[in-house]
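Topology and contacts: notes
Single-letter residue listing:
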Amino acid sequence: MPVIRDAEIEQLLRDYAQPILRTAGLAKQNVKVVVLSDRSFNAFVMDGRHIFINAGALFDAKTPNEIIGVFAHETGHLAGGHLQRLREQLASAQTASIVALLAGIGAAVAGARSSSGGNVGAAAIMAPQSAIMRSMLAYVRTQEDQADHAGVKFLNATGQSPKGMVDLFKRLSNEVLFNSRYIDPYMQSHPMPAERVAALETLAKSSPYWDRKDPPELQLRHDLMRAKLSGFLERPDTVARRYPPSDHSLPARYARAISTYRNSDLRQAIAQIDGLIQAQPHNSYFYELKGQALLEGGHPAEAVAPLRQAVQLSHSTPLIEILLAQALNATNNPKLAEEAVGLLRTAIVREPEAPDAYSQLAMAYGRKGDVANADLASAQAAFARGDVKTARQLASRAKTGLPIGSPGWVQADDIVNVKMNAKSQ
């Protein structure tokens, strides 16, 4: 699924998640929050190192506390070992399914020999399968309930209100309430909305922090995040309705500035962004936006200064360093290639899976005339994209130009010796 990478959003979500993860004893696992470009409301975990959240959840959550509540719930799954236990349950269910299927086939054969025909056998096959499915879903519902309880526990331990979690679940339950009369509660992976919200609300209201509000400065960052998502992901007319010109708040101005530059009115957009910078002269993300707008508008030389300011104010955030290096490369000035190489090598240490960083590094080495390292960086970019075949070809070529045994040669050799799976071939 398409992933949204943005320094501002990722930093905010880290600030939301880290206190919860520390309390749950997961701080050393380096759990990352990944934002998916999906407008539906969802958040989930698939391994022990990532919490996935849809952009739709960030759109729909009105307060920081609501998203913090989502992270608390998902951390409950991680801390409870639910993924491993679910895998074990699935393995057990698969074995049970095989036994049930064999029993059903036996019944079908017996039914075919009787005057009743094969219908009895078909029912015998379906009935055990349905029972196994219900058992599995009941197990998952239990995990969801446990994650709710753990989430409230983590929020209390960090001095935060569980009210946001309750409010969010209430809104979601109201959206599906009209369907609930026709839903079999035993065939739902999550508890029925009304029951789940009622149980959660009873537990949450006993918290001593129930009435605690989000700090105003955190609420502003949250509103800016939602405005940014709107400006980048929504149509201009939708942005205009959501943030009309009569709304002079900083988030509204942010959304309109992004929407303006995204729709090719660069001069007006730069004027709007300069207004944002005047309002918050130490906000690195406003300088980043100005640099990005100028770069994408075909003015890379003018983009360099605001992007340098953004790097400085953000304390060298890797994603902004990569964007600055892209602007330096786009100037076609060989004298700036060395600076781009330094920025990218530093950024890659903290963002080793960013294909764009390696692609820009290859370009910077090319500007310097360093063909072997350009080939190596291109190989690393292909590898990060999952194109192992191309990565091996480029790495093999890079090895011929690098000193045998040097760090670059070893990196290229590692790529050459990676085994390709069937999809890569």
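What you are looking at is a predicted structure, and each value in this text was computed from that prediction instead of being measured. (Residues numbered from 1 in each chain as written. Predicted model: local features only at pLDDT ≥ 70, side-chain atom pairs only at ≥ 80, totals over all residues. Heavy atoms only, no water.)

We now examine the confidence of the model for the protein. For the protein, the average pLDDT comes to 84, and 79% of its residues sit at 70 or higher. Low pLDDT, under 50, characterises residues 120–126; the stretch is placed with nine contacts to residues that sit more than four places away or in other chains. Below pLDDT 50 for its whole length, residues 176–192 participates in 26 contacts with residues either more than four positions away or in separate chains. (pLDDT = per-residue confidence, 0-100. Contact = heavy atoms within 4.5 Å.)

Take the pattern of salt bridges next. Counted under the stated rule, the structure contains 19 salt bridges. For Arg 171, the salt bridge identified is with Glu 66, shortest N-O distance 2.9 Å. Of this pair, Arg 171 sits in helix H6 (residues 163–176) while Glu 66 sits in helix H3 (residues 64–79), and the two are 105 residues apart along the sequence. Linking Lys 205 and Glu 201 is a salt bridge whose minimum nitrogen-to-oxygen distance equals 3.3 Å. One continuous salt-bridge network, built from bridges that share partners, spans Arg 5, Glu 10 and Glu 351. (Salt bridge = Lys/Arg side-chain N within 4 Å of Asp/Glu carboxyl O. Helix = DSSP H or I, 4+ residues; strand = E, 2+ residues; numbered from the N terminus.)

In this section: unusual backbone geometry. Located in the positive-phi region is His 315, a residue other than glycine, with phi close to 60 degrees. Of note, the phi angle at Asn 332 is positive, near 60 degrees, even though the residue is not glycine. Here Asn 332 lies in the loop between helix H14 (318–330) and helix H15 (337–350). Asn 332 gets classed as exposed once you look at its relative accessible area, which sits at 52%. (Buried < 20%, exposed > 50% of the residue type's maximum accessible area, 1.4 Å probe, protein only.)

With that settled, the discussion passes to the sheet that holds strand S4 (residues 50–54). Spatially, S1-S2-S4-S3 is the arrangement adopted by the four strands of the open sheet, whose pairing is mixed. Only two strands of the sheet have a single partner each, and these edge strands are strand S1 (3–4) and strand S3 (43–45). Pairing geometry for S1 and strand S2 (residues 32–36), over two bridges, is antiparallel. By the bridge assignment for S2, Val 3 is matched with Leu 36. Across the face of the sheet, H3 comes into contact with S2, S3 and S4 while running at roughly 140 degrees to S4. (Pairing = 2+ DSSP bridges. Axes fitted to C-alpha atoms, helices over the stretch in contact; angles between N-to-C directions.)

Moving on, we come to the side chain of His 73. Relative to the helices and strands, His 73 resides in helix H3. Of note is the side chain of His 73, whose polar atom sits 3.3 Å from the side chain of His 77. Setting aside chain neighbours within four positions, we find His 73 in contact with Glu 144, Ala 147, Asp 148, Gly 151, Met 165 and Arg 196. (Polar contact = N/O pair within 3.5 Å; in protein donor to acceptor, adjacent residues only side chain to side chain.)

Attention now moves to the environment of Ala 337. Summarising the element assignment, Ala 337 is placed in helix H15. The contacts of Ala 337, once residues within four sequence positions are left out, are Ala 364, Arg 367 and Lys 368.

Taking burial as the measure, the five residues of S2 include four buried ones, the bulk of the element. Strand direction decides the pairing type here: S2 and S4, joined by five bridges, are parallel. Each residue of the ladder has a partner; that of Lys 32, found in S4, is His 50.

Another aspect to go through is the packing of aromatic side chains. For any pair of aromatic rings, the description rests on two quantities: the centre-to-centre distance and the angle between the ring planes. For the coordinates displayed, the defined rule picks out three aromatic pairs. With centroids separated by 6.2 Å and ring planes inclined at 80 degrees, the aromatic side chains of Phe 232 and Tyr 261 adopt a geometry described as edge-to-face. Remark: Tyr 261 occurs in helix H10 (residues 250–262) and Phe 232 occurs in helix H8 (residues 216–233); sequence separation between them is 29 residues. Exposure remark for Tyr 261: the relative accessible area of 7% places this residue in the buried category. (Phe/Tyr/Trp six-rings, centres within 6.5 Å; stacked < 30°, edge-to-face > 60°.)

Counting buried positions along S4 gives four out of five residues, so the element sits mostly inside the fold. Pairing between S3 and S4: three bridges, direction antiparallel. For Phe 44, the partnering residue across the bridge sits in S4 and is Phe 52. Between the antiparallel neighbours S3 and S4 lie four residues.

Let us look at the side chain of Glu 201. On the secondary structure map, Glu 201 appears in helix H7 (residues 193–204). Judged by its relative accessible area of 17%, Glu 201 falls in the buried class. When residues no more than four places from it in sequence are discounted, the contact partners of Glu 201 are Val 166 and Lys 170.

It is the contact of H15 with helix H16 (residues 355–368), at a shortest axis distance of 9 Å, that shows an interaxial angle of 150 degrees. Between H15 and H16, the interaxial angle falls into the category roughly antiparallel. With respect to the hand of their crossing, H15 and H16 are arranged in left-handed fashion. Seen from H15, the contacting residues are Ala 337, Glu 338, Ala 340, Val 341, Leu 344, Arg 345 and Ile 348; seen from H16, they are Ala 357, Tyr 358, Gln 360, Leu 361, Ala 364, Tyr 365, Arg 367 and Lys 368. Per-class residue counts for the contact of H15 with H16 are 10 nonpolar, one polar and four charged. (Parallel < 35°, antiparallel > 145°, perpendicular 65-115°, else oblique. Left-handed = near helix turned anticlockwise from the far one by under 90°. Nonpolar A, V, L, I, M, F, W, Y, C, P; charged D, E, K, R; others polar.)

Looking now at the nonpolar core. Side chains that are nonpolar tend, in soluble globular proteins, to be buried together. In this structure, Tyr 254, Ile 273, Ile 322, Leu 324 and Leu 361 are the most contacted members of the largest nonpolar core, which totals 54 residues. Residue contributions to this core peak at eight residues, all from H14. Beyond its immediate chain neighbours, meaning those up to four positions away, Leu 361 contacts Val 341, Leu 344, Arg 345, Ile 348 and Ala 377. In this structure, Val 31, Val 45, Leu 58 and Leu 168 belong to the second largest nonpolar core, which totals 43 residues. (Core = buried A, V, L, I, M, F, W, Y, C linked by side-chain atoms within 4.5 Å.)

In this model, helix H11 (residues 266–279) (14 residues) spans 20 Å end to end at C-alpha, consistent with the 20 Å of a helix rising 1.5 Å per residue. The set of residues buried in H11 consists of Leu 266, Ala 269, Ile 270, Ile 273, Gly 275, Leu 276 and Ile 277. (Expected span 1.5 Å × (residues − 1).)

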